[in-house]
Amino acid sequence: MKLRHTSDERNSAIELLRLICIFGILMMHVFGDLQTPLSTFNTAAHVLVNSLFNTGVTCFILISGYFGIRFSVEKLVRLDLMIIFFSVTGTLATEGFAVKALMKAVLPVLTRQYWFITCYFALCILAPFLNRAVEKMTKEWFGKLLFVLLFLFSLVPTFGLYDIMQDAGKGLVHFVMIYLLGRYLALYENNSHKTSRLLLGLFLCVGFIFAADLTLTVRGQAIYNTCSRDCSLFIIFASVLLLFLFQQMNFHCAAINHIAGDVLAIYVLDRFIRTILNRFVDLGAYGAHPALLLFAAGYVLTVMAAAILLNELRKLTIGHIEPWLVKWITLAIHKIGTILLSLFQIIRRTFIGTE
């Protein structure tokens, strides 16, 4: 069985999907942080934003599963250095020298300062084992495994209204499940679906999510996202449709591919940039304005542009010493790993013995 991996010539349509996903995630953050009453129209807009854009995280992981994650300590170290740099500088810029905040900023992955990043790191570490398991598994057993996972961690929360993991899908279990779903699609789906059917399915799926959550919102007089949670079966289905839709638009654009490389930096910098930007812009003042959705979109694009600029500046400055840091940190990790493995072997032989 041969698994599908990312090619050197990246499909820019998939990179465009990643950019749309991060745009949508930031839109949800902006609407979620509004501390002002919304008009009826803008309440519906908020529900629509959640209904469409909460596919973002699931799409990210589906893409990782579809093309497969190749575990690399060097890549994780490089990513961690970027996160630490922006986490520390962002904390200093917004909170000053607050000791507790700086301690979290220095260890953002371990302290789960960014839940997505922490879960993604864990998934990258697990990926070699998941990939190997998939290689050894027949299609029938792989399908059974996915059915059980989707039943327990998606179907039950969606229709039973009881979330077994109590994290609404924002956790490692969801990441592993969606990663495996992506691997299954890569292996056993021929991706020859008609574009018109994919668009119709996406429209119906998002439309149902919107109608259901809007009904709950109107009845409860608060924003509901019951059907648009990450663990929702409808969100997962919509994400699969989006992946197939963009996978069919195969084209190459160097600019899109380059900008898409800043997606995680945008995610990390989002909160800090908005904290500064909010000193000059008050979106809450437009809670009753019919153009709030457009204002929010412009606001998010500004945040994305600022984050991309900051990350490119980082690459041009401190990024020059990054290869040296990555080399030595990776070497240290390997040495520590070897020592820990040796200690484990000694403890095992001492207390358990050998056969």
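This text gives an overview of the structure that appears in the document. Just so it is clear, the model here is predicted, and its values are computed rather than measured.

Looking only at helices and strands, the protein chain has 14 helices and 0 strands in total. When the helices and strands of the protein chain are read in sequence order from the N terminus, they spell out α-α-α-α-α-α-α-α-α-α-α-α-α-α. The C-alpha atoms of the protein chain give 22 Å as radius of gyration, which agrees with the globular expectation for 355 residues (20 Å, within 12%). Dimensions of the protein chain along its principal axes, counting C-alpha atoms only, are 70 × 55 × 45 Å. Within the span of the protein chain, comprising 355 residues, buried residues form 47% of the whole. In the protein chain, 84% of the contacts between residues at least 6 apart in sequence involve partners at least 24 apart. Roughly 18800 Å² of accessible area belongs to the protein chain as shown, and the carbon and sulfur atoms make up 69% of that amount. Where the 29 positive side-chain charges of the protein chain centre and where its 20 negative ones centre are 5 Å apart.

The next thing to look at is the packing of helix 3 (residues 56–67) against helix 6 (residues 115–136). It is at 12 Å that the axes of helix 3 and helix 6 come closest, and there the two elements cross at 20°. As far as their axial angle goes, helix 6 and helix 3 are roughly parallel. Note that helix 3 runs across helix 6; the crossing there is right-handed. Packed against helix 3, whose contacting residues are V57, F60, I61 and S64, the element helix 6 presents W115, F116, Y120 and L123 at the interface. Of the residues contributing to the contact of helix 3 with helix 6, the split by class is 7 nonpolar, 1 polar and no charged.

Once that is clear, we can look at the environment of I321. The residue I321 is located in the loop between helix 13 (292–316) and helix 14 (322–351) in this model. With 62 residues separating them along the chain, I321 and I259 place their C-alpha atoms 22 Å apart.

Counting 96 residues, the largest nonpolar core has M27, F116, I117 and F175 as its most contacted members. Considering each element in turn, this core owes the most residues, 12 residues, to helix 1 (residues 12–32).

Conventions and cut-offs
- Residues numbered from 1 in each chain as written.
- Predicted model: local features only at pLDDT ≥ 70, side-chain atom pairs only at ≥ 80, totals over all residues.
- Heavy atoms only, no water.
- Helix = DSSP H or I, 4+ residues; strand = E, 2+ residues; numbered from the N terminus.
- Rg over C-alpha atoms; globule rule 2.2 N^0.38 Å.
- Buried < 20%, exposed > 50% of the residue type's maximum accessible area, 1.4 Å probe, protein only.
- Contact = heavy atoms within 4.5 Å.
- Areas by Shrake-Rupley, 256 points an atom, 1.4 Å probe, with all protein chains shown as cover.
- Lys, Arg positive; Asp, Glu negative; His and termini not counted.
- Charge placed at Lys NZ, Arg CZ, Asp CG, Glu CD.
- Axes fitted to C-alpha atoms, helices over the stretch in contact; angles between N-to-C directions.
- Parallel < 35°, antiparallel > 145°, perpendicular 65-115°, else oblique.
- Left-handed = near helix turned anticlockwise from the far one by under 90°.
- Nonpolar A, V, L, I, M, F, W, Y, C, P; charged D, E, K, R; others polar.
- Core = buried A, V, L, I, M, F, W, Y, C linked by side-chain atoms within 4.5 Å.

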